[in-house]
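# Notes for the structure review
Residues per chain are reported as follows:
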Amino acid sequence: MSTRYNVQAAESKWQKIWAEKQSFKAVEDQTRPKYYVMSMFPYPSGRIHMGHVRNYTLSDVVARYKRAQGFNVLHPMGWDAFGLPAENAARDRKTHPAKWTYDNIKNMRGELVRMGLSIDWSREVATCDPSYYKHQQKLFLDFLKAGLAYRKESWVNWDPVDHTVLANEQVIDGKGWRSGAAVEKRKLSQWFLKITTYADELLSALGTLDRWPEKVRLMQENWIGKSQGAKVRFKITGWSEISGQRKDTPPLTTDHPTSSIEVFTTRPDTLFGASFVALSPNHPLATELAQKDAKLASFIAECNRTGTSEVAVETAEKQGYDTGLKALHVFDSNWQLPVYVANFVLMEYGTGAIFGCPAHDQRDLDFARKYNLTVKPVVLPLDADPTTFTVADEPYVGPGTIYNSEFLDGLSVEDAKKKSIAEIEKRGAGSGTTQFRLRDWGVSRQRYWGCPIPIIHCDACGVIPVPEKDLPVKLPDDVTFDKPGNPLDHHPTWKHVNCPTCGKAARRETDTFDTFVDSSWYFARYCSATNPDKPVEKSQADYWLPVDQYVGGVEHAILHLLYARFFTRAMHVTGHLSVDEPFSGLFTQGMICHESYRDEAGNWLYPDAVTKQEDGTATTADGKPVKVFRGEKMSKSKNNVVDPGKIIESYGADTARLFMLSDSPPERDLEWTDSGVDGAWRYLNRLWRMVTESPLPPQGASLPAKLSANAQKIRATIHRSIADVSNAFERFHFNGAVAKIRELSNALDGLDSNEPSEAAVLREGLETLVQLLGPMLPHITEEMWEQLGHKKMLTETPWPKADPALLIDDTATIAIQVNGKLRATITLKRDMATKDVESAALADGNVQRALDGKTPKKIIVVPNKIVNVVA
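Worth saying up front: this structure is predicted, and the values here are computed from it rather than measured.

## Quick word on helix α18 (residues 559-573)
Helix length check: α18 (15 residues) gives 22 Å between terminal C-alpha atoms against 21 Å at 1.5 Å per residue, within 8%. A positive phi of about 85 degrees marks G575, the residue just after α18.

Here's what the structure looks like:
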């Protein structure tokens, strides 16, 4: 009898051996195929959570599997370490963000090591380290030289709690993605990266990413938002009336910037249904009008205090302010449309102005009803009567025929679009064009704990890049957080510097980079993580990139992944990289869920404060009822989190890994249950007993020349398992792989170790079982491999190969129907003679009972598939 499996001793033992042997250190080797697999790096919050465990287990399985297959594997790890949480923590805890961050990194690194991850820790990076952001500053200066970075004054999303700018993507339902505060609009000078330069390419290249989830590609396609339409110029009138003919108000002339309003529309076919023109509150014309109209200025200020996201705009009550101006219809100069400033028109999209066609757009219809504007249908549904068709509370947005539209009448929507654009161009009132929803990426943030933007502002010389020899521009250590806003602005000395061009007193840029800049190129830095002189060594990047398999959350489908695709193209232009796409394969895992519990007072309870009943109900310790919520994402706010450290301490990392992999497909949400963890732990101990308690032939002994029928059958099962599990790994079907491995372990129980040939097959089966489990359960499999007598570590052992001859199944499962109803299934040798198949089918007991003594009139045999008996 063997000793009981000592999980803590075994796991610490193998973690130490892997570290000493540097088992997972990656070195470029042109003689071997490479495989680069990585998970999205974590923010160092201080503790890993179950989402981390699942994410990193998935990439680790791939890394170990590919290494066993003979690939030269790079599996790195780093820390997305800048950002406001560290600044807020420093303020709350009276400490420095660097200390808080590096302490957290130390703690989390230790927890990840305990998970048994096959990580090359020699390539570890932290984005807050000057050795990392020095190179990020170099990349920005290179982008600036290449015309891919610029500075301009623009309207931005301002978080009034975090006191920083937010990208459009960081505004969720009108609120800051971290603070939850209602976002405001402000005008600031900002640094931008020209992601729009690549809008068309970023869109078209999505078609090449066939190993990305379709939902992610669709999300990016919608965000880039390519639209075919027209830019249309509406001449305006009424300027004299609203200006009051003041001497300081110039007369309206054709070259005056407010002589016309340009709109972009994807529906020029509906121009005859126009009833108003609306401007964004931040449109230049609105700004100019507000200088002389206090009520308009107040309206604009109110608009800028409300949500700016598309969702917020769509759901908010539509509000407008009549400017008194009139827009002349492009097809009829006698047709005047009122010009409003409206809260649902965003400056960031199109031209910041629209024409409203209420009959065929819900926003426009809501607005028209509120302000009693005309609602004129111009698209007639195919089955509608033009004399009676009207629009009430919902617009008509389907297909149809154009009517009420003069020269467009009778045309289809698509033909009317073409003819409208042709007429607009003929009249010199605009042109057909392609528009993108995507806007350039504003990267300036008003905070301390971020990468300093390497720019100096000189009154004499203007904007001056920091000389490369002076990089990195380091953050000062002696900052305080006792005032709102950016501590770099408050620092008494750091921002004061001499101009590198003229030597006069100048000022550093006090904005720091958006943290999404940090994560837009870290995958490339991993290739040359220890190079002090370059962001990447091109030869190393050429070897490793692109990343073969990237694993992370779908919540980063737009923010991070789109920026990384842009950065890769920009680094190609500046000579740092040879590739345009950073990630060949992408896998997005599901969330970890857990029951949550709420008492009668509405308080969320921790799981250990609840007693579960057999019927699924729950009570508190004193017997009071508790409401149970299933399928809730693990969240500290609901007290339904499970500490990975406690699970690893009690059951070991392999148990947690097995549960994560076996309970559900990895792309779906996983429900954490205590019973599931217990089941995984029991299976590990069953494996240990199978390996250590079975009498086996010596390691390395050959199979006997003659095998029993049972040994032959189970040996075929062993080799089919190799093929099935390998196939499952390739397709990320890890739960399917676990199921196949469990089937194999059950089959091995059917061998008699006292019979020599079956004992030999049992050894082969157990060794195969251990190898197949190796990528998923690295610690116990190393221990079992050693117990089986192997001197070479399992980590260094090639993946098993299935014998093709044993994959051929010479049997067929045949369905038997009697009068069209399935009565039985039987297993026969393939390609048996028809008479023999008929005899076997009629001999089946269920078939005989269905016939009830009747003689079959006809028997139809489909070889290897079905027998149909007609009685």
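Now that the structure has been shown, the text picks up again.
## Concerning the side chain of R569
When you line up the elements, R569 lands in helix α18. Looking at R569, the relative accessible area reads 2%, which means it is buried. A polar atom in the side chain of R569 sits 2.8 Å from the side chain of E201. Ignoring any residue separated from it by four or fewer positions in sequence, one finds R569 in contact with Y198, E201, L202, A205, D580 and E581.

## Overview of the nonpolar core
Among the nonpolar cores identified, the biggest contains 173 residues, and Y36, W441, F523, L545, F567, W672 and L748 are the most heavily contacted of them. Residues in contact with W441, not counting those within four places in the same chain, are W191, F192, L193, I195, D514, F516, V517, S520, Y563, F566 and F567. With 41 residues, the next largest nonpolar core counts V232, I236, W239 and V277 among its residues.

## So, the confidence of the model for the chain
Averaged over every residue, the pLDDT of the chain is 92; residues scoring 70 or more account for 96%. Per-residue pLDDT stays below 50 along residues 245-257; that stretch engages in 16 contacts with residues further than four places along the chain or on separate chains.

## Some points on the sheet that holds strand β37 (residues 866-870)
A sheet is described by the order of its strands in space; here 4 strands give the open sequence β35-β34-β37-β36, paired in mixed fashion. Each edge of the open sheet is held by one strand with a lone partner, namely β35 (821-829) and β36 (858-862). With strand direction ignored, the average angle separating the axes of adjacent strands in the sheet is 20 degrees. Looking at chain direction, strand β34 (residues 811-818) and β35 are connected through 8 bridges and run antiparallel. The residue bridging I814 from the neighbouring strand is I826, located in β35.

## Regarding the packing of aromatic side chains
Following the criterion strictly, the structure yields 46 aromatic pairs and no others. Measuring from centroid to centroid gives 5.8 Å for Y35 and F71, while their planes differ by 70 degrees, and the two rings are edge-to-face. Of this pair, Y35 sits in strand β1 (residues 34-39) while F71 sits in the loop between α2 (50-68) and β2 (72-74), and the two are 36 residues apart along the sequence. Given the relative accessible area of 22%, F71 is considered partly exposed. Judged by centre distance (5.1 Å) and plane angle (75 degrees), the ring pair of F331 and F407 falls under edge-to-face.

Definitions and cut-offs
Residues numbered from 1 in each chain as written. Predicted model: local features only at pLDDT ≥ 70, side-chain atom pairs only at ≥ 80, totals over all residues. Heavy atoms only, no water. Helix = DSSP H or I, 4+ residues; strand = E, 2+ residues; numbered from the N terminus. Expected span 1.5 Å × (residues − 1). Buried < 20%, exposed > 50% of the residue type's maximum accessible area, 1.4 Å probe, protein only. Polar contact = N/O pair within 3.5 Å; in protein donor to acceptor, adjacent residues only side chain to side chain. Contact = heavy atoms within 4.5 Å. Core = buried A, V, L, I, M, F, W, Y, C linked by side-chain atoms within 4.5 Å. pLDDT = per-residue confidence, 0-100. Pairing = 2+ DSSP bridges. Axes fitted to C-alpha atoms, helices over the stretch in contact; angles between N-to-C directions. Phe/Tyr/Trp six-rings, centres within 6.5 Å; stacked < 30°, edge-to-face > 60°.

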